[in-house]
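Here is how the chains run, residue by residue.
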Amino acid sequence: MLTASVVTYHTPDRELKDCLHALQQSCTDQIIIIDNASEERIRGIASLFSKVKYIPSGNIGYGSAHNKGMRHAIESGADFHLVLNTDTCFTPEDISELLDRIKEANDIGIVHPRITDRSGNDLLTSRMLPTPADLFIRRFLPKRMFRHRRDRYLLKNLDRNNSHNIPYHQGSFLLFRVSALKDCGLFDERFFMYPEDIDLCRRIHRKYRTLYVPAPTVVHHHRAASYKSLRMLRIHIANMIRYFNKWGWWNDSERKAMNAPFLKH
């Protein structure tokens, strides 16, 4: 059984309908919408799709909202659970292909597809675990500075035409083995937004393979909200501070071990 969850917060009608239509036509058995704005408009859209369960919510953040969907997946006996953003474009066949990949072996905890922009450029959403310096350089310094370090963190030189066991995948499109979620836990609800995917991926990576797969390809219309809004930037910074307080700023031996296989790239 495959379930999926999306989180909405004043999400445009067309974006949500396109996402739900693709999921409805796929092998997904149930789709859970967690509406962090509790809008009747979103409830109405949900009612148009037979596979959709609507859950109204306050604005509790990305990870906390998806946990509602994950708990529903566990309670309903699902074997696999897809977490995705509504601004991703994919086909029903893409879902089937990802499902086939995660079924290949019981030690696969996550599969993450190739993610591109609408022009077909890789968004490099499978990365090493970040250090504070990596995130500061990427967010605040001109792109011409520390180019080698930026490229190394983003695994820019990795052969993206092959599968790789990578410790961090960006959370716009993640297929989980539900037994791995039971084993390793759900999203850490102390993080309102941004590092919750880093945190969960690394916890699952301890015990399972967390795979980047080159096919299928999913298109993400990435908004990069923290680059456009001071409020979102403050939220991003506050939550990254919580992340490094949890795992360690400079002394993070697990990060070093997980990143070590990629340092040669």
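Just above, that's the structure.
Residues numbered from 1 in each chain as written. Predicted model: local features only at pLDDT ≥ 70, side-chain atom pairs only at ≥ 80, totals over all residues. Heavy atoms only, no water.

*Asks:* Now, about the overall build of the protein: what can you tell me, with residues and values included?
*Replies:* From N to C terminus, the protein includes 10 helices and 11 strands. On C-alpha atoms alone, the protein measures out to a radius of gyration of 18 Å, which is about the 18 Å that the 2.2 N^0.38 rule sets for 265 residues. For the protein, the spread of C-alpha atoms along the principal axes amounts to about 50 × 45 × 35 Å. In the protein, which comprises 265 residues, the share counted as buried stands at 55%. Looking at the protein alone, contacts between residues at least 24 apart form 76% of all its contacts between residues at least 6 apart. (Helix = DSSP H or I, 4+ residues; strand = E, 2+ residues; numbered from the N terminus. Rg over C-alpha atoms; globule rule 2.2 N^0.38 Å. Buried < 20%, exposed > 50% of the residue type's maximum accessible area, 1.4 Å probe, protein only. Contact = heavy atoms within 4.5 Å.)

*Asks:* Can you explain the packing of helix α5 (residues 132–140) against helix α9 (residues 230–247)? Please cite residues and give values.
*Replies:* Where α5 meets α9, the closest approach of the two axes is 12 Å, and the angle between their N-to-C directions is 170°. Here α5 is positioned roughly antiparallel relative to α9, judged by the angle of their axes. Facing Pro132, Leu135, Arg139 and Phe140 of α5, the residues of α9 in contact are Leu233, Ile237, Met240 and Phe244. (Axes fitted to C-alpha atoms, helices over the stretch in contact; angles between N-to-C directions. Parallel < 35°, antiparallel > 145°, perpendicular 65-115°, else oblique.)

*Asks:* Go over unusual backbone geometry, please, and point to the residues and values.
*Replies:* Of note, the amide linkage connecting Ala215 to Pro216 takes the cis form, showing an omega dihedral of 5°. Structurally, Pro216 can be placed in strand β11 (residues 209–220). Despite not being glycine, His10 shows a phi value in the positive range, around 55°. Following the sequence through the fold, His10 ends up in the loop between β1 (2–8) and α1 (13–24). Here the phi dihedral of Ser38 falls at roughly 50°; this positive angle occurs in a residue that is not glycine.

*Asks:* Summarise the pattern of salt bridges; cite the residues concerned and give the values.
*Replies:* As enumerated under the stated definition, the model contains 19 salt bridges in all. Salt-bridge contacts for Arg202 lead to Asp252; the nearest nitrogen and oxygen are separated by 3.1 Å. Taken together, the residues span a long stretch of sequence, with Arg202 in helix α8 (residues 196–205) and Asp252 in the loop between α9 and α10 (253–259) at a distance of 50 residues. Like Asp252, Arg202 is buried. Several salt bridges share partner residues, and in doing so they unite Asp188, Arg190, Asp199, Arg203 and Lys246 into one network. (Salt bridge = Lys/Arg side-chain N within 4 Å of Asp/Glu carboxyl O.)

*Asks:* Go over helix α3 (residues 62–75), please, and point to the residues and values.
*Replies:* Over its 14 residues, α3 extends 20 Å from the first C-alpha to the last, a length consistent with the 20 Å expected when each residue adds 1.5 Å. Of all 14 residues in α3, 10 are buried, a share of seventy percent or more. Of all the residues in α3, the buried ones are Tyr62, Gly63, Ser64, Ala65, His66, Asn67, Gly69, Met70, His72 and Ala73. Immediately beyond the C-terminal end of α3, within one or two residues, lies Gly77, with a positive phi of roughly 80°. (Expected span 1.5 Å × (residues − 1).)

*Asks:* Kindly report on the nonpolar core, identifying the contributing residues and their values.
*Replies:* Residues Leu23, Ile33, Leu84, Phe90, Phe173 and Leu175 are the most contacted members of the largest nonpolar core, which totals 32 residues. Among the elements that line this core, the one with the most residues is α1, at 5 residues. Excluding its chain neighbours within four sequence positions, the residues that come into contact with Leu84 are Ala4, Ser5, Val6, Cys19, Leu23, Tyr62, His66, Phe90, Ser172 and Phe173. (Core = buried A, V, L, I, M, F, W, Y, C linked by side-chain atoms within 4.5 Å.)

*Asks:* Tell me about the side chain of Asp199, residues and numbers included.
*Replies:* Mapping Asp199 onto the fold places it in helix α8. Judged by its relative accessible area of 0%, Asp199 falls in the buried class. A polar contact is formed between the side chain of Asp199 and the side chain of Lys246, at a distance of 2.7 Å. Ignoring sequence-local partners within four residues, the contact set of Asp199 consists of Asp188, Phe191, Tyr243, Lys246 and Trp247. (Polar contact = N/O pair within 3.5 Å; in protein donor to acceptor, adjacent residues only side chain to side chain.)

*Asks:* So what about the packing of aromatic side chains? Which residues, and what values?
*Replies:* Tallied over the full model, the rule gives 7 aromatic pairs. Ring centres of Phe136 and Phe140 lie 5.3 Å apart, and the angle between their planes is 40°; this geometry places the pair in the tilted category. Placement of the pair is Phe136 and Phe140 together in helix α5, with a separation of 4 residues, close to one helical turn. Both rings, one in Tyr243 and one in Phe244, keep their centres 5.1 Å apart while their planes meet at 75°; by these two values the pair is edge-to-face. Pair check on accessibility: Tyr243 and Phe244 agree, each one buried. Aromatic ring contacts, followed pair by pair, group Phe191, Tyr243, Phe244 and Trp249 into a single cluster. Above the face of the Tyr212 ring, Arg160 is positioned so that its terminal group lies 5.6 Å from the ring centre. (Phe/Tyr/Trp six-rings, centres within 6.5 Å; stacked < 30°, edge-to-face > 60°. Lys NZ or Arg CZ within 6 Å of the ring centre and 35° of its normal.)

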